[in-house]
Amino acid sequence: MTAARKHTALPKAQILIEALPWLTRHNGKTVVIKFGGNAMIDEELKAAFAQDVVFLRQAGLKPVVVHGGGPQISAQLDKQGLVSEFKAGLRVTTPEAMDVVRMVLAGQVQRELVGLLNQHGPLAVGLTGEDAHTITATRHRPTIDGELVDIGRVGEITAIDTGAIQALLDDGRIPVVSSIARSADDNHVYNVNADTAAAALAAALGAETLMVLTDVEGLYEDWPNSDDVISRLTAGELEKLLPELSSGMVPKMQGCLHAVRNGVETARVLDGRVQHSILLEIFTDEGIGTMVVPDAQGES
């Protein structure tokens, strides 16, 4: 028996060595991850997500997690007899509903995620956009049939202050951010789309990468006629596609566009239903989702 054959764990060493160029490239870089979709409600996927984020941190990256909580919010509103109504793809948020949103995001989803991450060490710290003025918003009024519509406590981001998040990153912590914000106009608390919040934070932090977990494989080339995924496209190419996208993908892809147009090197939409999709995307050649790059990078 040769010496190599005796060492049955050798393939593991080879996999680690393959990751070396990626580890070197990403060392010290900030990556913002939007946590959502099935990954939020499936116990195995949640645990795998936490492992991935801690792995990034231990591998020398600086992960920041941003989350919403649509399914959990809907369940709690139902429990309290409050009706969920949607206009222009956004949840109409009354003051009563906003109380529920805040409670679910900061008191349930965030706490659970912080707990999962902290099984691996004293790493995660939860905060909301309200903390240290991290996210400031104003009331968002979408246009429906040419008219501005009031959908309640739904916010549009007006400012980002990265001070608290940067301090946590500098201290080796993993910030977990709930997508709610306070308004400078009326001092009310607003519900902010988590895709939009993650993109705004990625840009403000000068992150290397924005990763958005979804329940699809990526951006489809010709849905529903084909399930071929576009593996890479430039900001300009994405901008042309935006009007044709399904409503659920629009905030995700708009977020990716905003990120790469504002200094983030790559923005990626990943299938959160695949265990360890984050590690597959960052540390292998076989990217598994859709990557958006700035125009100059795509043209070179």
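Residues numbered from 1 in each chain as written. Predicted model: local features only at pLDDT ≥ 70, side-chain atom pairs only at ≥ 80, totals over all residues. Heavy atoms only, no water.

Draft legend 1. Structural context of the pattern of salt bridges. All chains considered together, the criterion is met by 13 salt bridges. Note that R261 is salt-bridged to D295, the shortest N-O span being 3.5 Å. Taken as a pair, R261 in helix α10 (residues 250-261) and D295 in helix α12 (residues 295-299) lie far apart in primary sequence, 34 residues in all. A relative accessible area of 24% means that D295 is categorised as partly exposed. (Salt bridge = Lys/Arg side-chain N within 4 Å of Asp/Glu carboxyl O. Helix = DSSP H or I, 4+ residues; strand = E, 2+ residues; numbered from the N terminus. Buried < 20%, exposed > 50% of the residue type's maximum accessible area, 1.4 Å probe, protein only.)

Draft legend 2. Summary view of the side chain of T266. Locating T266 in the fold gives a position in strand β15 (residues 266-271). The class for T266 is buried, based on a relative accessible area of 9%. A distance of 3.3 Å separates a polar atom in the side chain of T266 from a polar atom in the side chain of T209. Polar side-chain contacts of T266 include one of 3.2 Å to the side chain of R268. In contact with T266, other than residues within four places in its own chain, are E208, T209, L210, V260, M291, V292 and V293. (Polar contact = N/O pair within 3.5 Å; in protein donor to acceptor, adjacent residues only side chain to side chain. Contact = heavy atoms within 4.5 Å.)

Draft legend 3. Expanded view of the nonpolar core. Counting residues in each nonpolar core, the largest one holds 42 residues, and the members touching the most others are F49, L56, L117 and F283. With 11 residues, helix α6 (residues 95-117) is the largest single contributor of residues to this core. With near-sequence residues (within four places) excluded, F49 lies in contact with I33, F35, V65, L113, L213 and I278. By size, the runner-up hydrophobic cluster in this structure holds 38 residues, among which are A137, A198, L257 and V292. (Core = buried A, V, L, I, M, F, W, Y, C linked by side-chain atoms within 4.5 Å.)

Draft legend 4. View of the sheet that holds strand β6 (residues 135-139). Reading across from one edge, β9-β6-β11-β12 is the order of the four strands in this open sheet, with mixed pairing throughout. The outermost strands of the open sheet, each flanked by one partner alone, are β9 (155-160) and β12 (189-191). Recorded for the sheet is a direction-independent mean angle of 50 degrees between the axes of neighbouring strands. By the bridge criterion, five bridges tie β6 to β9 in an arrangement that is antiparallel. Bridge pairing links I135 to I160 in β9. Across the sheet, α6 touches β11 (180-183) and β12, and the angle it forms with β12 is around 75 degrees. (Pairing = 2+ DSSP bridges. Axes fitted to C-alpha atoms, helices over the stretch in contact; angles between N-to-C directions.)

Draft legend 5. Region of interest: the pairing of strand β16 (residues 290-293). Along β16, one buried face is formed by T290 and V292 and the opposite face, lined by M291 and V293, is buried too. Note: strand β14 (residues 232-234) against β16, three bridges, orientation parallel. Looking across to β16, one finds that R232 is bridged to M291. Sheet analysis places β15 next to β16, joined by three bridges and oriented antiparallel. In the strand pairing of β16, A267 is matched with V292.

Draft legend 6. Geometry of the pairing of β6. Pairing of β6 with β11, which is carried by two bridges, proceeds in the parallel orientation. Bridge pairing links T136 to R182 in β11.

Draft legend 7. Molecular detail of the environment of S84. Here S84 shows up in the loop between α5 (70-79) and β3 (86-87). Owing to a relative accessible area of 26%, S84 belongs among the partly exposed residues under this scheme. When the C-alpha atoms of S84 and S179 are compared, they prove to be 18 Å apart, with 95 residues separating the residues in sequence. Once you skip the residues sitting within four places of it in the chain, S84 turns out to touch S74, L77 and R91.

Draft legend 8. Just the sheet that holds strand β2 (residues 62-67), in detail. Taken in spatial order, the eight strands of this open sheet run β5-β10-β2-β1-β13-β15-β16-β14, and their pairing is mixed. Looking at strand neighbours, the two that pair on one side only are β5 (124-128) and β14, the edges of this open sheet. Across the sheet, the axes of successive neighbouring strands diverge by a mean angle of 20 degrees, strand direction being ignored. Contacting β1 (30-35), β2, β5 and β10 (174-178), helix α7 (residues 163-170) crosses the sheet at an angle of about 140 degrees to β2.

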